[in-house]
Every structure is written in structure tokens, then in C-alpha cells.
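# Structure at a glance
Residue strings, one per chain:
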There are 12 protein chains.
Amino acid sequence: MTDRVYKKVELVGTSPAGIEQAIQNAIATAGETLHHLDWFEVSEIRGHIAEGKVAHYQVVMKVGFRLER
Amino acid sequence: MTDRVYKKVELVGTSPAGIEQAIQNAIATAGETLHHLDWFEVSEIRGHIAEGKVAHYQVVMKVGFRLER
Amino acid sequence: MTDRVYKKVELVGTSPAGIEQAIQNAIATAGETLHHLDWFEVSEIRGHIAEGKVAHYQVVMKVGFRLER
Amino acid sequence: MTDRVYKKVELVGTSPAGIEQAIQNAIATAGETLHHLDWFEVSEIRGHIAEGKVAHYQVVMKVGFRLER
Amino acid sequence: MTDRVYKKVELVGTSPAGIEQAIQNAIATAGETLHHLDWFEVSEIRGHIAEGKVAHYQVVMKVGFRLER
Amino acid sequence: MTDRVYKKVELVGTSPAGIEQAIQNAIATAGETLHHLDWFEVSEIRGHIAEGKVAHYQVVMKVGFRLER
Amino acid sequence: MTDRVYKKVELVGTSPAGIEQAIQNAIATAGETLHHLDWFEVSEIRGHIAEGKVAHYQVVMKVGFRLER
Amino acid sequence: MTDRVYKKVELVGTSPAGIEQAIQNAIATAGETLHHLDWFEVSEIRGHIAEGKVAHYQVVMKVGFRLER
Amino acid sequence: MTDRVYKKVELVGTSPAGIEQAIQNAIATAGETLHHLDWFEVSEIRGHIAEGKVAHYQVVMKVGFRLER
Amino acid sequence: MTDRVYKKVELVGTSPAGIEQAIQNAIATAGETLHHLDWFEVSEIRGHIAEGKVAHYQVVMKVGFRLER
Amino acid sequence: MTDRVYKKVELVGTSPAGIEQAIQNAIATAGETLHHLDWFEVSEIRGHIAEGKVAHYQVVMKVGFRLER
Amino acid sequence: MTDRVYKKVELVGTSPAGIEQAIQNAIATAGETLHHLDWFEVSEIRGHIAEGKVAHYQVVMKVGFRLER
């Protein structure tokens, strides 16, 4: 049987630069240990504030990847 | 009776450039066939990953427009 | 007893420039009257459309800050 | 095969007179172009305020109708 | 021990006359067999359409009442 | 910078007369201390029951208003 | 610019035979008028009961398809 | 007044055979004590695993029926 | 056929002593009239305030039990 | 017109001692500046971890109070 | 202390044959590397369409298993 | 680049003693194999009932920790 099975892990990427950069950071980190990364889904956008400005964005997201069988 | 009625359609805009560009792409496409576009609401932000990077962002969104009566 | 208590207020930041700028605008406004701003949580991303383009982004968000006791 | 299939469209009815009138307005407009309207489901009740009063109610709703096959 | 315990039942009231009347109908029916009715919570507003108009409103709601112990 | 920022407050209007009147009561009270009221969003409809009838409706809602900067 | 844009429509497939058949029925009907059908998402599974058995399953689902530009 | 009122009860049907059979089991059991069963709504699909396989499916669902008045 | 079927009822336990005691109160009351109580699921934690303190906790919860067939 | 209107504010109480104490802390702080506190609703339970233990619980909650008119 | 602790992982099983087969595929794959699999919870049912038919079902689900301590 | 990335895992802690103890049990178990545990978020409170009492509480929660890069 060759039906594919995927797994999702939940990560929080952070960046002072913006939402897209926080997403990229989480994917880059996931890619260091996981293969076959396929898609991501953002579930929350939040961040910390310091001195009246966004200090860094925090993007909670799920990353899906294919499991080798 | 002249009370306004609106319709919402659900679109998925995509772009490798970022979330805002994916939103703009969906609105531009909607505008080719629909008039009186008025507002949008993002319901999901997702994307595909290729070679350890975001290949393109996918923004699921609703676009509201006034119906002519 | 010195356990911290926080309050969250709900704001809508707007900007024609993008999502991050709309977030920054809401935080800047909140900072004019509130102290100890600590974090934000985005709950909705929406916007108005004019002439087939995004006229401005509207980011509904909560801003959390520590209460002085 | 004669199993029925239905479609749902999402509309926003508005009225200064009240929630039920806003619902009726959306249904009346839908009925101008769609046949076999069967049911509706309210998903949001909102409205605009002017001079300290409700200027008009906005009822976001889905309208379901049977597709001819 | 005299701490109160409540039960909630889920009902669907219907009426051609409007939302409030559908709510009243459900409560009146509940009151025929249940005592100590205390509060209600609307969870859905829907309805059937016939001949391009609302044929009747359907209000899905929970009704809470105190249990005798 | 002249981008608008809005605030939302959460109120519960009550009335024995019906849902629309409960909404109006909350808006009237909000208008006594807040300026630039702009829109409302209903989040819950509930109520108390007495003697087998609705004693009063309770409408939980958010009221949005523009902040002066 | 060649970024893809997709649209989602909401359908209700029905069948006495089971959930998968109800899904297939909705997709078959959608395919009669829409091209480039790409994916579906089930949002609700419900059904009617007659004589103490499931008379037919109703699957509320969204069907996504690529828009030609 | 002859407006219909319905009640919903929440059941969990189980079966090793599949999702549809679990639904049928819950409806059959409900029908032993309740009359006028009219519709069902699935709210959760879960199950137990034993020896690396689905031991039985559990379908959490609401069953609606008309109240006699 | 011996597949088990369960029913869930929704209760609100209250107690001035705390959340666990409110849960225990609801279960004890349910056990006076229902057999085979099996599990509970908390859906809301709320409470009343008097003189600046929690007067009692209110835990909204579902209690599941096996139906005898 | 004497129909009551309530306001809800969102607070985060914290305590190393437990969930109930975190709730009490938030209410005590709210009571320093607000009158007629009436009820609370917990919306999230979270906390910080230090040295492999809960360092403090964080209870996100809404506190409702009657507005004087 | 011997209180049990469980972990949940999120998987996506796929199959052209149907929803139950997609669930079984995910569980079979999980069982290759995890012990003490105990239950599953379906969170989404979706799928891909090709040539006007369901090409494969995708069932997003959580699988729970007991951790050895 | 030194932006932090976090991962969340989903656990179910159990205890007959109460909700806080169930949370502590899950964190203690997580700490045996994971470093840099930082926060937790409760997503469900449930439990098993035996002999008319809570046999054990089950707290479904996510535990967040910083990934070393």
C-alpha cells in the first residue's frame, strides 16, 4: 500500500522584521531536522511590545511533512 | 425599498512575494468579473514549502461586494 | 501579594501600507494613554477595497498591558 | 441518480427596521436570480451606528437552494 | 450540601412571526414539563424559505433550569 | 500619520421588549461617555426566564468607535 | 503576473448510501458547470431520519477550483 | 398556537464496522424511547485503537426530534 | 448487536469552594438519577462575584453515560 | 428607561498557587477601580514553566459589571 | 507517582478508498514508530479531486498514546 | 540569525488529585525528555467517573519549548 501519510508539527517562529520573516524562520528551523516539508498553516499571529513598538512578531503555525514509510 | 444587500465570495489568493501580495492578487482577479467590491476578510493564511522555503503564500479570504438591485 | 494582573483592550489598527504597519499604528495609539504595553494578539485581518485595490488594511487585535496595583 | 445537491451563498442583508427585515431583504434579493431557495442560516448580526442610534442592522447569512441537475 | 446544580436542554423554537416569538415558543413548551426555568442561550438562528419569503424562523437555543436535589 | 485607529468595548444590553431594544439600550449607554461610535457586533443572545416567559433579553455585543489621536 | 487564484463554493451533497457517496454527488454536480475542480473540505455531516433509520446523509462541503485569468 | 418545537439530545454511537454504522446504532437506540426522530448532526468522529487498528469508531452526534405539545 | 451507545447531558455545577468541588457537585447530582456515569467534559468555567470576591464557581460540563439497551 | 447595561473587561490574573487564586487576584485588582462587579468568565488557562514546574498560572478571563446610568 | 500521561500527534491519512481507510492508514503508519496507541480524533475531512471525482480522501486526525515513564 | 523558534507538543496529564496536579504531571513528564520548557496552554479539561465520583482529571494541554538551533 502506497498511500501517503503526513505529520503536522506546531511551531512558533519569531522575528523583529515581520510576519513573513517569522514564518520563514520557523520553516528554516524545521528543515534542519525534518525532510519532505510540504505546507504550513498559520494559526495565530501575536508579538511582544517594547518601548511602544513591536519588538518581535510571533507566528504560531503548523508545518506538514510527508512521512517515509 | 433601497436597503443595500451584499454578497461574499470566498477566494484563495497566492503569491511567492508575501501575504499582502496574495491578497491583492485575489482582489484583482475578483475585480475582473465583479463590480462594487467593498471589503475583504482573511480567514486563513497558509502556504506551500519547497526546498526549505516558502514557495508561495495562500491567503483564504472572503470578498464582499454590493449587489445591484 | 505581588502577583501581576494584566488587562487586554481590543483595537483596530488601519493602514494602506500593510498588515505590520496597521499593527504598529494601533500600538502607537495605545501607547499614548496606556503604560506597560506588553504583548498583542491579532484576531482578524480585513480591509476596505477601492478601485479594485486594497484601500487600507484593518487589523483587529488585542493589546495586553500590566496593571499597576 | 436523483440525489439532491444544494448550494449555499453568503449574503449580507441590511435594514434600519430590525433584524428580521434585514433577513427578508437578503432573501428577496437572492430570489431575484436564484430558484428553489430553501433555507437560511444567520452567521453574524452587526450594524452601523449614527448619532447614537442603530442606523441599520447588517445580518450576515447563508442562503441554501437546490441545484437543478 | 446545598450548592445548586443546573441542567441545560437544547431546543429549537419555530415561528413565522419572528425570532423573539420562536424563543417564547420554545420556552413555553419547555415549561410544560420542566420546573425552575432560569435562563436561555441562543446558539443558532436559521429558518425555512417558501415562495421567496421566510416561512418560519428556527431558533436553536439552550434552556437552563435548576435541578431539585 | 493620519491612519485611523478604533477601539472595541464589550457591553451587555438588556430589555424585556426584544433583541433590537436591548441593542439600542447598550448603544445609548455607550454614547453617554464615548464619542464617534461607529459599529456594533452581536456576539451572544441570551436572557432570563421568569414565570415561564422571557423576563428580559441580554445581548452581548461589541461596540466600535474611532479614537481621537 | 501568473499567480494562481482559486474560488471556493459551498455545496451540500446528499445520498442514502453513505458519506462518501454524498461527497461524490456534490462533486459530480459541481463538475457539470465548473472547471479545474481541485479539492474539497467537509464542514458538516448531518442527515435526515425516517422510520428510525438514516434516510439520507447530508454533507456540507466546500469545493475549491482554479480561476482562469 | 401550532408552531413546532424540537429537542436535540447528544449521543455517542459506536461500531467497529465504520462511521455510518456507528451513526445508525445511535439512531436505533434513540428510537427505542423517542418518537418523531427527524435529523442528526455529527459533531465529532473519534475512536479507540487496539493492536494497531481501529477497535471501534465513536461518533458524537445530536439527534433532533419534534416534541408533542 | 451489542455496540455501546452513550448519552451526554449538560450540567452546571456550582460551589464556593473551587472548580473541582463544582465538578463533583454536578456529578453527584447526576448520579442520583443516572446510571453508568462514565466521563465528563468541562465546557465553561464562570462564576458570580459578591463583595469583591468569588461568591461561587459555575462549571458548565457535559456528563457521558452508557445507555442500557 | 431603567434597563440595566453591563460592561465586560478582559483581565489576566496570575498566581503561583493555582487557578482559583489567579482568578481571585484578577477580581481583587478589578475591584480597586470598578464597582458593581457581577460575574466572570474564564476564556483561557495557561502558565509559565520554570525549572520543570509551573512557575505561575495565568487565567485569561472577562469580568462583567453593571454600568451606572 | 504513577498517574498516566499521554501525548497526541497530528497526522493526515490519505486513501482513494474512503474515510475509514484513510484513518486506518494513518494509524498503521503511527504504529510503526509509536507504542501504546490508544485513541484518535478526526479534526478535518478533505480531499483532492481529479477528473471530476475524489482522487483521494485526506483525514486530518490526532492520535493519542500513553507515554512510558 | 538568532531569532528564537519554539515548538509546541500536545500532552494529556491525569491525576485523581485535581486539575493543577494533572498539569504538573504532564509538565514533569515532558521535562524528562525536553529542554527549555517555557509555557503551557490548557485546551480541554475532562475526566473519568467511577462510583459516582471523579476518578481522575484529564487535562489536555500544549507545552511550548525553545528549539536549540
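Given the structure is predicted, the values throughout are model-derived calculations rather than measurements. (Residues numbered from 1 in each chain as written. Chains lettered and ligands numbered in written order. Predicted model: local features only at pLDDT ≥ 70, side-chain atom pairs only at ≥ 80, totals over all residues. Heavy atoms only, no water.)

### With respect to the overall build of chain A
Applicable threshold: Working definition: helices are DSSP H or I runs of at least four residues, strands are E runs of at least two. Numbering for both runs from the N terminus. Atoms counted for the radius of gyration: C-alpha only. Globule rule: 2.2 Å times residue count to the power 0.38. Type-normalised accessible area, obtained with a 1.4 Å probe on protein chains alone, sets the label of each residue: buried when under 20%, exposed when over 50%, and partly exposed for intermediate values. The contact definition used throughout considers only heavy atoms, calling two residues in contact when any of these lie within 4.5 Å. Computed with a 1.4 Å probe, the accessible areas rest on the Shrake-Rupley method; for each residue, only the protein chains presented here act as cover. In this tally, Asp and Glu contribute negative charge and Lys and Arg positive charge; neither His nor the terminal groups of the chain are included. Charged groups are reduced to one reference atom each: NZ for lysine, CZ for arginine, CG for aspartic acid, CD for glutamic acid.
Of the regular secondary structure elements, chain A holds 1 helix and 3 strands. Starting at the N terminus, the α and β elements of chain A follow one another as β-α-β-β. Relative to the 2.2 N^0.38 estimate, which gives 11 Å for 69 residues, the radius of gyration of chain A is 14 Å and therefore markedly larger than a compact globule would have. Seen through its principal axes, chain A has C-alpha atoms that stretch 55 × 20 × 15 Å. Across the 69 residues in chain A, those meeting the buried criterion constitute 58%. When contacts within chain A are restricted to residue pairs at least 6 apart in sequence, long-range pairs at least 24 apart make up 63% of them. By element, 46% of the accessible surface of chain A is carried by carbon and sulfur atoms, the whole surface being about 2,900 Å². Of the charged side chains in chain A, 8 are positive and 9 negative, and the gap between their average positions amounts to 4 Å.

### Quick word on the arrangement of the chains
A minimum C-alpha distance of 15 Å separates chain G and chain I, which share no contact. The closest approach of any C-alpha atom in chain J to one in chain K is 15 Å; the two make no contact.

### Observations concerning the environment of D:I27
Locating D:I27 in the fold gives a position in helix 1 (residues 19–33). Assessed through its relative accessible area of 0%, D:I27 is described here as buried. For D:I27 and D:K7, which are 20 residues apart along the polypeptide, the C-alpha to C-alpha distance reads 15 Å. Once you skip the residues sitting within four places of it in the chain, D:I27 turns out to touch D:L37, D:F40, D:M61, E:I49, E:G52, E:K53 and E:V54.

### Focus on the pattern of salt bridges
Using the following cut-off: Only one rule defines a salt bridge in this text: a Lys or Arg side-chain nitrogen within 4 Å of an Asp or Glu carboxyl oxygen.
All chains considered together, the criterion is met by 48 salt bridges over all chains. One salt bridge connects A:E10 with L:K62, and the closest N-O pair in it is separated by 2.9 Å. One end of the pair, A:E10, is in strand 1 (residues 5–15); the other, L:K62, is in strand 3 (residues 53–66), on a second chain. The pair formed by A:E10 and L:K62 is uniform in burial state, with each residue classed as buried. If you follow the salt bridges from partner to partner, you end up with A:K8, A:E41, A:K62 and K:E10 in one network.

### Things to note about the relation of the copies chain C and chain A
The operation linking the two copies of the chain is a rotation about an axis combined with a translation along the axis. We count it as follows: Copies are brought into register by a least-squares superposition over C-alpha atoms of residues with pLDDT of at least 70 in both.
Placing chain C over chain A gives an RMSD of 0.0 Å and needs a rotation angle of 120 degrees, together with 0.0 Å of translation along the axis. In the structure described here, the two chain copies are related by an operation that fits a three-fold rotation axis. When each C-alpha of chain C is compared by its distance to the rotation axis, C:I19 comes out closest, at 5.0 Å.

### A closer look at the interface of chain C and chain A
Which entries qualify depends on this criterion: The term buried area means the drop in 1.4 Å probe accessible area that two parts suffer when joined, counted for both and summed. For this analysis, a polar contact is any N or O atom pair within 3.5 Å, provided that within protein one partner can donate a hydrogen and the other can accept it, and provided that sequence-adjacent residues contribute only side-chain to side-chain pairs.
Taken together, the contact between chain C and chain A spans 13 residues of the former and 12 residues of the latter. Approximately 1,100 Å² of surface area, both sides summed, lies buried where chain C meets chain A, with 61% of it carried by carbon and sulfur atoms. Among the residues chain C hides against chain A, the three largest losses belong to C:E20, C:Q24 and C:F40. Together they make up 43% of the total. At the boundary of chain C with chain A, the tally comes to 0 salt bridges. One can count 6 residue pairs in polar contact (both at pLDDT 80 or more) joining chain C with chain A.

### Some details on the pairing of strand 3 of chain L
Residue and element names in this part refer to chain L. Selection criterion: DSSP calls a pair of strands paired once it identifies at least 2 bridges connecting them.
Burial runs high along strand 3: 10 of the 14 residues are buried. Taken together, the 10 bridges between strand 1 (residues 5–15) and strand 3 define a ladder with antiparallel strand orientation. Within strand 3, the residue paired with E10 across the bridge is K62. When strand 2 (residues 37–50) meets strand 3, the two strands line up antiparallel, connected through 12 bridges. Following the sheet pairing, V42 is matched in strand 3 by M61. Between strand 2 and strand 3, which pair antiparallel in sequence order, lie 2 residues; one of them, E51, sits at a positive phi of approximately 50 degrees.

### Considering the environment of D:A26
Its location among the elements puts D:A26 in helix 1. Of the residues examined, D:A26 reaches a relative accessible area of 0% and is grouped as buried. Here the alpha-carbon distance between D:A26 and D:G13, two residues 13 residues apart in the chain, equals 4.4 Å. Here D:A26 is in contact with B:V5, D:L11, D:G13 and D:M61, once residues within four sequence places are set aside.

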